[in-house]
Amino acid sequence: MLALVNTTGQPPRNLILIGFMGTGKTTIGKRVARSLGMKFVDTDLLIVKKAGKSIPKIFKDSGEEVFRAMETEVLKECGGKTGQVISTGGGIVTRPENLELLKSSGYVIWLKASPETIFERVSRNRNRPLLRTDNPLKTITDLLTQRAGLYAGAQHLSINTDELTMEETCFGVTESAKLALGIG
Ligand code: S3P
């Protein structure tokens, strides 16, 4: 039987959720943090707080590059602490330096979903500037193709959420995190 108890005397490292927009990182991260008794943080929310404006406004006023630089900055800040569930923006893997940062900051779980599932989940939300296109399903498919290898390179574990309910995904993430972080 594997030991589930953290015997290091140190707080557990972080659990980090990566994956495309609409894969449930924030909702699942919040629930998992609650059941593990860990602090929840979200890189998108940290950026919004730092910038004092919404993500669409940051993209509009300053462009994607400025947003990406802020993303790396907040990842460094929260990755330097421990005992948190960190939900990340879907494009965090697009900066090469973030890949190493992610892996060294905690246990990284990639929440996967098909373009169709993602399209269905994001179609009611206008808060994602990159999906404000004439054909969002094609944009999702193209971006996923570009990013799949990047998510694969940054993860320790992947979970395909297409056929799972929110509760089932939370269960899978929570139990894997307990094992990986040595918390019971
Ligand atoms: C982005 C994903 C968004 C947000 C920004 C860019 C992306 O986060 O960071 O709109 O490039 O995939 P969510 O994945 O939380 O929607």
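Calculation rules
- Residues numbered from 1 in each chain as written.
- Predicted model: local features only at pLDDT ≥ 70, side-chain atom pairs only at ≥ 80, totals over all residues.
- Heavy atoms only, no water.
- Helix = DSSP H or I, 4+ residues; strand = E, 2+ residues; numbered from the N terminus.
- Contact = heavy atoms within 4.5 Å.
- Buried < 20%, exposed > 50% of the residue type's maximum accessible area, 1.4 Å probe, protein only.
- Arc of directions from axis to C-beta.
- Polar contact = N/O pair within 3.5 Å; in protein donor to acceptor, adjacent residues only side chain to side chain.

Enquirer: Explanation requested: the side chain of Thr 139 in the structure shown.
Expert: As for its placement among the helices and strands, Thr 139 is situated in helix α7 (residues 136–154). In this view, Thr 139 contacts Leu 130, Leu 131 and Thr 133; residues no more than four positions away in its chain are not counted.

Enquirer: Hey, could you run me through helix α5 (residues 96–105) in this one?
Expert: Because an α-helix packs 3.6 residues into every turn, residues spaced three or four apart end up facing the same way. Restricting attention to buried positions, one finds in α5 the residues Asn 98, Leu 101, Leu 102 and Ser 105. An end-on view of α5 places all buried positions within 100° of arc, on one side of the element. Facing away from the buried side of α5, by more than 90 degrees, are the exposed residues Pro 96 and Glu 100. In this structure, the buried residues of α5 make contact with β1 (14–18), α4 (64–79), β4 (106–112) and α7.

Enquirer: How should I be thinking about the environment of Thr 26 in this particular structure?
Expert: Residue position: Thr 26 is located in helix α1 (residues 25–36). Between the C-alpha atom of Thr 26 and that of Ile 86, which follows or precedes it by 60 residues, the distance is 8.7 Å. Ignoring anything within four residues of it in the chain, the contact list for Thr 26 reads Phe 40, Asp 42 and Ser 87. Of note is the side chain of Thr 26, whose polar atom sits 3.5 Å from the side chain of Ser 87.

Bear in mind that shape data such as this cannot, by itself, settle questions of function.
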